[in-house]
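# Residue-level structural notes
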Amino acid sequence: MSGNRIADLTRRSLLRGAAALTGATLLPRQVMANPDFRLIPKPAKVALIGKPHPETAVWAYNELVPGPPIRVQQGDRLKVPVENQLAEETTVHFHGIRLPNAMDGVPHLTQTPIAPGGEFVYEFTVPDAGTYWYHPHQRSAEQVGRGLCGALIVEEREPIRVDRDVAWLLQDWRLQPDAQIRNDFGNMHDMAHNGRVGNTVTINGNVRDTFAVRSGERIRLRLINGANARVFGLSFAGHRPRVIALDGQPVEPHEPSDGRVVLAPGMRMDLILDMAANLGERFQVVDNFYRGLTYRLIDLVYADTPYRDHIPDTPIALAPNTMPEPDLNGAQRHEVTFNGGMMGQMMMQGRGMAGMNMRDMMHSGKIWFINGVAMLGHVMDPMLTLTQGHSYVLAMVNETAWWHPMHLHGHAFRVISRNGAPIRYREWQDTVLMAPRETVEIAFVADNPGDWMFHCHILEHQESGMMGVIRVT
Ligand code: C2O
Ligand code: CU
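The structure presented is a predicted model; accordingly, all values stated were derived computationally and were not measured.

Another aspect to go through is the overall build of the chain. Assigned secondary structure in the chain consists of 5 helices and 33 strands. The buried share of the chain, taken over its 473 residues, is 60%. Considering only intrachain contacts with a sequence separation of at least 6, the fraction spanning at least 24 residues in the chain is 77%. Per element, the accessible surface of the chain, about 18,000 Å² overall, is 50% carbon and sulfur.

With that settled, consider the coordination of the copper ion (ligand 2). His-404 (ND1), Cys-456 (SG) and His-461 (ND1) make up the full set of protein donors to the copper ion (ligand 2), lying at 2.0 to 2.1 Å. All donor residues of the copper ion (ligand 2) come from one chain, and their arrangement in sequence is H-x51-C-x4-H.

Okay, the environment of Ile-160 next. Looking at where Ile-160 falls in the secondary structure, it is placed in the loop between β8 (150-155) and β9 (164-173). The sequence separation of Ile-160 and Leu-318 amounts to 158 residues, and the corresponding C-alpha distance is 6.7 Å. Sequence-distant contacts of Ile-160, defined by excluding residues within four places in its chain, comprise Arg-220, Ile-244, Ile-272, Pro-315, Ile-316, Ala-317 and Leu-318.

Let us look at the sheet that holds strand β24 (residues 384-386). On the basis of which strands lie adjacent, the open sheet formed by 5 strands has the order β24-β33-β32-β26-β30 and mixed pairing. The open sheet has two free edges, formed respectively by β24 and β30 (431-434), since each of these has just one partner strand. In this sheet, neighbouring strand axes are inclined to one another by 20 degrees on average, regardless of whether the strands run parallel or antiparallel. With 4 bridges joining them, strand β26 (residues 404-408) and β30 adopt antiparallel strand pairing. The residue of β30 that forms the bridge with His-407 is Thr-431.

Glancing now at the side chain of Asp-247. Along the polypeptide, Asp-247 turns up in the loop between β14 (242-246) and β15 (249-254). Accessibility expressed as a relative area gives 0% for Asp-247, which makes it buried. At 2.9 Å, the side chain of Asp-247 and the backbone nitrogen of Thr-431 are in polar contact.

By size, the foremost hydrophobic cluster in this structure holds 96 residues, and its most contacted members are Phe-94, Leu-297 and Met-396. Among the elements that take part in this core, strand β19 (residues 295-302) stands out by supplying 5 residues, more than any other. If we ignore the near neighbours within four places in the chain, the residues touching Met-396 are Val-336, Phe-338, Met-406, Val-432, Met-434, Glu-438, Thr-439, Val-440, Ile-442 and Phe-454. If you look at the next biggest cluster of nonpolar residues, it comprises 13 residues, including Ala-44, Ala-60, Leu-175 and Ile-181.

A separate point is the sheet that holds β14. Hydrogen bonds between backbone groups are what pair the strands of a sheet, and the pairing can be parallel or antiparallel. Spatially, 6 strands are ordered β10-β9-β12-β17-β14-β15 in an open sheet, and the strand pairing comes out mixed. Looking at strand neighbours, the two that pair on one side only are β10 (200-203) and β15, the edges of this open sheet. Adjacent strand axes in the sheet meet at a mean angle of 25 degrees, parallel and antiparallel pairs treated alike. With 4 bridges joining them, β14 and strand β17 (residues 268-274) adopt antiparallel strand pairing. Paired with Leu-246 across the strands is Met-269, a residue of β17.

Once that is clear, we can look at the pairing of β9. Where burial is concerned, most of β9 is hidden: 8 out of the 10 residues are buried. Relative to strand β12 (residues 218-225), β9 runs parallel, the two being bridged by 7 bridges. Residue pairing in the sheet places Leu-169 in a bridge with Ile-224 of β12.

So, about the confidence of the model for the chain. Scored by pLDDT, the chain has a mean of 91; 90% of the residues are at 70 or more. Below pLDDT 50 for its whole length, residues 1-31 participates in 72 contacts with residues either more than four positions away or in separate chains.

Take the packing of aromatic side chains next. By the definition in use, this model includes 11 aromatic pairs. Taken together, a centroid distance of 6.3 Å and an interplanar angle of 40 degrees make the contact between Phe-94 and Tyr-134 tilted. With Phe-94 in strand β5 (residues 93-95) and Tyr-134 in strand β7 (residues 130-135), the pair connects residues that are 40 residues apart, well separated along the chain. Across this residue pair, the class does not change: Phe-94 and Tyr-134 are buried. One aromatic cluster is present, built from ring pairs that chain together Tyr-61, Phe-94, Phe-120, Tyr-122, Phe-124 and Tyr-134. A cation over an aromatic ring shows up here: Arg-146 above the ring of Trp-59, its NZ or CZ 5.1 Å from the ring centre. It is Arg-196 that lies over the ring of Phe-185; its NZ or CZ is 3.8 Å from the centre.

The next point concerns the pattern of salt bridges. Per the counting criterion, the structure on display carries 36 salt bridges. Among the ionic pairs, Lys-42 bridges to Glu-63, the shortest N-O distance being 3.3 Å. Note that Lys-42 is positioned in strand β1 (residues 41-46) and Glu-63 in the loop between β2 (56-61) and β3 (70-73), a separation of 21 residues in sequence. Note that Asp-172 and Arg-230 form a salt bridge whose closest N and O atoms lie 3.3 Å from each other. Taken together, the residues span a long stretch of sequence, with Asp-172 in strand β9 and Arg-230 in the loop between β12 and β13 (232-236) at a distance of 58 residues. No difference in accessibility class separates Asp-172 from Arg-230, as the two residues are buried. Put simply, Arg-71, Glu-155, Glu-156, Asp-165, Arg-220, Arg-222 and Asp-270 are held in one network by salt bridges that share partners.

Criteria and thresholds
Residues numbered from 1 in each chain as written. Chains lettered and ligands numbered in written order. Predicted model: local features only at pLDDT ≥ 70, side-chain atom pairs only at ≥ 80, totals over all residues. Heavy atoms only, no water. Helix = DSSP H or I, 4+ residues; strand = E, 2+ residues; numbered from the N terminus. Buried < 20%, exposed > 50% of the residue type's maximum accessible area, 1.4 Å probe, protein only. Contact = heavy atoms within 4.5 Å. Areas by Shrake-Rupley, 256 points an atom, 1.4 Å probe, with all protein chains shown as cover. Donors = N, O, S within 2.8 Å, 3.2 Å for Na, K, Ca; no water. Pairing = 2+ DSSP bridges. Axes fitted to C-alpha atoms, helices over the stretch in contact; angles between N-to-C directions. Polar contact = N/O pair within 3.5 Å; in protein donor to acceptor, adjacent residues only side chain to side chain. Core = buried A, V, L, I, M, F, W, Y, C linked by side-chain atoms within 4.5 Å. pLDDT = per-residue confidence, 0-100. Phe/Tyr/Trp six-rings, centres within 6.5 Å; stacked < 30°, edge-to-face > 60°. Lys NZ or Arg CZ within 6 Å of the ring centre and 35° of its normal. Salt bridge = Lys/Arg side-chain N within 4 Å of Asp/Glu carboxyl O.

Written out as structure tokens, the structure is:
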């Protein structure tokens, strides 16, 4: 465990070398007008940390970490040929997009995985504006953990006015002192605890020291958590970010509770950051989600000249997307219970685990259970079969001692209560973070036919059982 801690990797000294990258934090625009655009996953070398550290051997789309950002407009048709130059099968999942099932990128369930040397063309219309991302769904813990993922941004037809639209794709790496990825994917400890929490966080593929801003600017900051397991809890010193969208879906603009932005793997958050401090000032963005693992992510550094003298008071609320509203009175209710994982030295007891001891568990690779079933691989009888067009409430009961960001494919759902208390903004999300022993209710209309994955986005939990199929028919 000790090797996994940020503090152990002399992050300070690693950071010095990256100072030169200041200001490069804006994702370049890659509009899909380019007819030759394709994604090519393959091994590559990239400078994650910067000099004097060597480059890191990764798996990357088009040799870029993160992969090329895809930007389209709401309602556009997106066509992405994928040419697999890895030595193993892969797929691409467009996380959060409500697309047809056959384009969902789940191996064996929705498509034959793309063989090494093979190709698959993803093509679909993007119904909703917002911040999304793409990543493999084949052996995701290792394929994502080695670098495969990218931003997918769907612009509003009538965007709000901001001075800069910036995306930060956050990734978390477990690096050795030689800057190479530690090859301990799929180990029992990660799977039965927090997942593969690493020791090096990158923003758009680099360890960064500063983000240059100017007094008077309004920035739309799109955060994407592409980490295997790390949950971020970000505080922006001296600033009051307002949330305008969660998982791509607009929400009434508001400051997060305690001012802290909590973002679990798979989740996205759009913030409005008004840069109202003085010329030349510097503020830390700190991640303090895990007790004892607090670190400074980056500094906001004000230029010596202002952008303008005050921030214009233009509206920041986004136009809603097109989700059908669930009918809470007529909704059918299902309870979904989560068990498993370690608690101190003990395996958690619960449904599905009767008669299993730890050794059985480790041998079978079954560590996490949904309604008593640990799903390994992507094909299984559905845990729920829902009728197309009907409304459902899922009461998710986390009986484990761990955090779990639960992701549903093909839909967005409203989060309506936590531990029985109604949620103020009833956010639309596709990935909802459950605290240890928390009960979370979500509601949605099952309007998209097909077999959809429902899984924890801590990829080590997913791989060791915390996954199920929800069928809409
Ligand atoms: Cu982002 Cu099933 O995944
Ligand atoms: Cu989990």
